[in-house]
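Residue-level listing of the chains:
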Amino acid sequence: MAIRIRVNGSEHDVTAAADTPLLSVLRNDLSLNGPKFGCGLGQCGSCTVHVDGVPRRSCVTALSDVVGKEVVTLEGLGTPERPHPLQQAFIDEQAAQCGYCINGMIMRAAAILARTPRPTREEITTAMSGNLCRCGTHLRILRAIERAAQRTAPAPTGREG
Amino acid sequence: MSAAKMTVSRREFLADAGILAVGFTFIPRLARAESLGEPAGALLAPSADQLDSWLVIARDESITVYAGKVELGTGVSTALRQIVAEELDVAMSRIAWVQGDSTLTVDQGRTVGSGSVKRGGAQLRRAAAEARQALLEMASAKLGAPVDRLVVRDGVIAVESDTSRRVSFGELIDGGRFERTISGRAPTKPVSAYKVVGQSVPRAELPAKMTGTHVYVHDVRLPNMLHGRVVRPPRVGATLVSLDERSISGIRGARVVRKGTFVGVVADREEDAVNAAKALVAKWNADPVLPEASRLYEHFRAQATTTRQVAQTGDVDAALRQAARVVRATYRWPFQMHASIGPSCAVADVREGKATVWSATQGAHQLCAPIAALLGLPVENVRVIFTEGSGCYGHNGADDVAADAALLSQVVGRPVRVQWSRADEHGWEPEGPAMLFEMAGAVGADGTIAAWTYDAWTPTHGSRPTRDPATLIAGRLAGVGSPPGPFAGGGGGDRNARTNYRLPNERVTSHPVASFPIRTSSLRGLGSPQNSFANECFIDELAVVAGVGPVEFRRRHLTDPRAIAVLDAAARRANWQPRSSSPSRRSGGTDDTLAGRGVAYVQYDRTEAYVAAVVDVEVRPDTGVVRVRRVCVAHDCGLIINPDGVRNQIEGNVVQAISRTLKEAVRFDSARITSLDWSTYPILRFSEIPDAIDIELIDRPDEPSLGAGEAATSPIPPAIANAIFDATGVRVRDVPFTPERVRAALRR
């Protein structure tokens, strides 16, 4: 029986078991290769997507869990031609080596910035610490997140106050 | 062999590649190579001495380069493109890149050992220079002007005195080919004329990686493809007693494949293959074959029955006898993993006696022979197409998973994609070898090292696939190839065993551990990080005896000006204050921490890049937690092709080396590896990275380029250990420096 899910603003009918990992559906049924399989255990973060704006490990999220919710993947943020400000900041900082973990880094960071537009470095490192990178690109990733925050956050003019 | 004999036609390749459900970005570009129109034939790599093997210029002015060296995430494909663009005088954006295809690209040797820019780049530079020379000669004839009166600008050749007389590369080639042997005599540009080389050109593939459109091997899907998983023995050396195929009968479309001890499952859907691999009931038999972890190093000694004299100068024994004080130290390094974030993956299509394998291998050409032997096919019927994977850092599971996919595909007669589970990756990748070191030395009355002995025990650092299919896990388990026995292999453990210090009485001896039940192989730097750990810690210990500061003491034993230059640059960068070698035991930023700094210097592989590092640490004596706060690196890799690319590599080496030094050790019991996920094999997290990595690049435009992919790892472990000594007065000699170990060392 088909299960209807909403991904990157479009409805999709997927024929898969209800307990199928969302990651498997995104990659194999919808050809969305941004999210990556890293561990299948929710330990590394490379499969991160947003479900109703909240970062979730899609390798341990069941297909049935996202019915009626809005799923956004890396592809939903931007394209090579029109990258999201975070994606552009990652390009500007050359914040990758192999890039396998980068999906999770950008998706996690996007969720941080949505909640905290001008995070401190400590807030960023704390929030990012569940995401693993083996190439050692951490400092560039931090710089990219800070660059994106500076670019997108409203200047602290104090007008509201 | 001329390019005309070049095997599969590039037209045929297009037909193959076109069936990929996920489009390869290079396919449209490759279409331009059609003009070559080679006849179809055996799948053999193009010849390196033919210019046409390296690059193709199409009528539309596009240029396609066929490189044997591949992108492993280090940015090398961008650096190599810079070299070609520079020598050819074309914009980089016009260069399409085909890499690591056993049928389409020249065999430049494996992409290993930081050799891609140094050796691979030199080959590409020669090819591009030859092409430029050939085009100038063609233009000279066409424009009626001597070559030395012509100028080249972005693929257009013009008469210098009248640039309206011009002709483009594409017009000159006119859909044909060069048909020219690479003479090696074509003039290359002087470094002073470089415009592209030496620039921090952004990496070509990063926009695609940041947006999810870059095609990794994990993203390759073929029509009618099945998903496969392997079911490995649960214990080292186990044999399969029985298999209950009914245990997966409830899983839709799942099927078991067995060949000897090789077991795999396939299914139409990936999650079904995963579930089948978990559900399959199998009985295995095995006696425990691994030594107790606590007796590992004694086991090494017992297994090492031969020695190799790496170096011997002067009379070490006499010098030790005459010494007022002999210093001895034992250092230990554990097994470590490549620990790629993406588990190994490959796709294979084995049908009608031909095999095509998409693999993240470091050696597409080298993988053909063992795959062919595994499948019982002639090697010319096997084609391996490199497709980028997760960063590998050496010999990880990329080759093995390709064999898994090939074997499964051959049995089921359909394309099969295999991705290892996290436990497969952690438990079955070739581990980086553990090592044991015993050092002895003495300082003479003149304050220099009078005697130095080094003895190291190590299993092999090199067990890459040979032609023997038993060098791949699938072949070994399936019983194809040489009979099973302990994994053996070549050396690699001697890398940087001998230092570059001037030592009048020196003896460097290695004790190869003939075999070990767990397969070990090349992990970034091979023996260099381990050897440098022992050597650079020991010279620090001797500096204390000499009563000389660690920077000054090293300087006394160096003669190479480039070595001294990196050491001085790192010290200057870190604002190193001359001090005695005794520990400073400074208070850290807070009351409960101690701060210290350490230095180390290594010339990678004794002839490659020069690196010095100064590391600042904070140690909490109550918890034993060590935090690296700041790292200053000075790095000389000759002529720099892409400064930001080199920096990215240095930063990566530093962070990975901190992780290896502070956290990483493969756990095992008498039967198996027990580090099977990220909680049992922790690596460095964002909360633990240094505040800053401060890098000084020393560019040497007049020196050949040296690799930058590994060198900066080696000085980091000893610099951390030396910094801990500076902070606490205690030598830690067993990696990793976990809180428990450091706390225990401080209490001794």
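A. Main features of the overall build of chain B. Each helix and strand in chain B was counted, giving 19 helices and 25 strands. Scaling as 2.2 N^0.38, a compact globule of 748 residues should have a C-alpha radius of gyration of about 27 Å, and chain B matches this with 28 Å. For chain B, the proportion of its 748 residues judged to be buried stands at 58%. Counted over contacts in chain B with a minimum sequence separation of 6, partners at least 24 positions apart contribute 79%.

B. The arrangement of the overall build of chain A in detail. A count of helical and extended segments in chain A gives six helices and five strands. Helices and strands appear in chain A in the N-to-C order β-β-α-β-β-β-α-α-α-α-α. Relative to a compact globule of 161 residues, whose C-alpha radius of gyration would be 15 Å, chain A shows 16 Å and is just as compact. Along the longest, intermediate and shortest principal axes, the C-alpha atoms of chain A span 55 × 40 × 30 Å. When burial is assessed residue by residue, chain A has 54% of its 161 residues classed as buried.

C. Highlighting unusual backbone geometry. The omega torsion across Val735 of chain B and Pro736 of chain B is 0 degrees, close enough to zero to call that bond cis. Position of Pro736 of chain B relative to the elements: it lies in the loop between α18 (716-728) and α19 (739-747). Of note, the phi angle at Asn8 of chain A is positive, near 50 degrees, even though the residue is not glycine. Residue placement: Asn8 of chain A occurs in the loop between β1 (2-7) and β2 (10-15).

D. Region of interest: the domain arrangement of chain A. Residues and elements named next belong to chain A. Domain annotation of chain A identifies domain 1 (2-77) and domain 2 (85-152). Using only C-alpha atoms to locate each centre, domain 1 and domain 2 end up separated by 21 Å. The partner domain 2 presents 14 residues to the 15 residues of domain 1 that form the contact. Among the secondary structure elements, those contributing two or more residues to the side of domain 1 that touches domain 2 are β3 (48-51), β4 (54-57) and α2 (74-77). Of the residues assigned to the side of domain 1 that touches domain 2, the class counts are eight nonpolar, six polar and one charged.

E. Summary view of the interface of chain B and chain A. With 46 residues of chain B in contact, the opposing surface of chain A contributes 49 residues. Put simply, the parts of the chain that give the side of chain B that touches chain A at least two residues each are α6 (206-211), α7 (270-279) and α17 (643-662) of chain B. Per element, the largest residue contribution to the side of chain B that touches chain A is eight residues, and it comes from α17 of chain B. In the side of chain B that touches chain A, the residues fall into 16 nonpolar, 19 polar and 11 charged.

F. Expanded view of the packing of helix α14 (residues 528-546) of chain B against α18 of chain B. Residues and elements named next belong to chain B. The contact between α14 and α18 brings their axes to 7 Å, and the two run at 35 degrees. In this structure, the crossing between α14 and α18 has a hand that is right-handed. Contacts from Pro529, Ser532, Phe533, Glu536, Cys537 and Asp540 in α14 reach Pro717, Pro718, Ala721, Asn722 and Phe725 in α18. Grouping the amino acids of the contact of α14 with α18 by side-chain chemistry returns seven nonpolar, two polar and two charged.

G. Summary view of helix α16 (residues 561-573) of chain B. Residue and element names in this part refer to chain B. With 13 residues, α16 extends 18 Å between its outermost C-alpha atoms, agreeing within 8% with the 18 Å of an ideal straight helix rising 1.5 Å per residue. Along α16, the residues classified as buried are Ala563, Val566, Leu567, Ala569, Ala570 and Ala571. Packed against the buried residues of α16 are α15 (550-556), β22 (594-603), β23 (610-619), β24 (626-636) and β25 (692-697). One or two positions beyond α16, positive phi appears at Asn575, with a value near 55 degrees.

H. Inspection of the packing of α17 of chain B against α18 of chain B at higher detail. All names here are of chain B. It is at 9 Å that the axes of α17 and α18 come closest, and there the two elements cross at 60 degrees. Our classification of the angle between α17 and α18 gives oblique. In this structure, α17 meets α18 at a crossing whose hand is right-handed. Residues Val654, Ala657, Ile658, Arg660 and Thr661 of α17 pack against Ile716, Pro717 and Ile720 of α18. Of the residues in the contact of α17 with α18, the class split is six nonpolar, one polar and one charged.

I. Focus on the pairing of strand β11 (residues 281-285) of chain B. Residue and element names in this part refer to chain B. Of all the five residues making up β11, zero are buried; the element is thus mostly uncovered. With five bridges joining them, strand β8 (residues 239-244) and β11 adopt antiparallel strand pairing. Following the sheet pairing, Leu243 is matched in β11 by Ala282.

J. Spotlight on helix α5 (residues 121-128) of chain A. Residue and element names in this part refer to chain A. If you check which residues of α5 are buried, you get Ile124, Ala127 and Met128. Each buried residue of α5 lies within a common arc of 90 degrees when the element is viewed along its axis, so the set occupies one face. On the buried face of α5, the contacting elements are α4 (102-115) and α6 (138-152).

K. Just the sheet that holds strand β16 (residues 382-386) of chain B, in detail. All names here are of chain B. Ordered in space as β9-β10-β7-β17-β14-β15-β16, the seven strands form an open sheet in which the pairing is mixed. Both outer strands of the open sheet, β9 (255-259) and β16, are each paired with one neighbouring strand and no more. Ignoring which end each strand starts from, the neighbouring axes of this sheet average 25 degrees apart. Bridging between strand β15 (residues 354-359) and β16 involves five bridges; their strand directions are parallel. Note on β16: the bridge partner recorded for Thr356 is Arg383. Each of β7 (226-230) and β10 (262-267) touches α7; the most contacted strand, β10, lies at about 145 degrees to it. Along the sheet, helix α11 (residues 398-412) makes contact with β7, β9, β10, β14 (345-351), β15 and β17 (416-419), crossing β14 at roughly 35 degrees.

Quick notes on the rules
Residues numbered from 1 in each chain as written. Chains lettered and ligands numbered in written order. Predicted model: local features only at pLDDT ≥ 70, side-chain atom pairs only at ≥ 80, totals over all residues. Helix = DSSP H or I, 4+ residues; strand = E, 2+ residues; numbered from the N terminus. Rg over C-alpha atoms; globule rule 2.2 N^0.38 Å. Buried ≥ 20, exposed ≤ 12 C-beta atoms within 10 Å, placed from the backbone. Contact = placed C-beta atoms within 7 Å. Domains from an automatic or database assignment. Nonpolar A, V, L, I, M, F, W, Y, C, P; charged D, E, K, R; others polar. Axes fitted to C-alpha atoms, helices over the stretch in contact; angles between N-to-C directions. Left-handed = near helix turned anticlockwise from the far one by under 90°. Expected span 1.5 Å × (residues − 1). Parallel < 35°, antiparallel > 145°, perpendicular 65-115°, else oblique. Pairing = 2+ DSSP bridges. Arc of directions from axis to C-beta.

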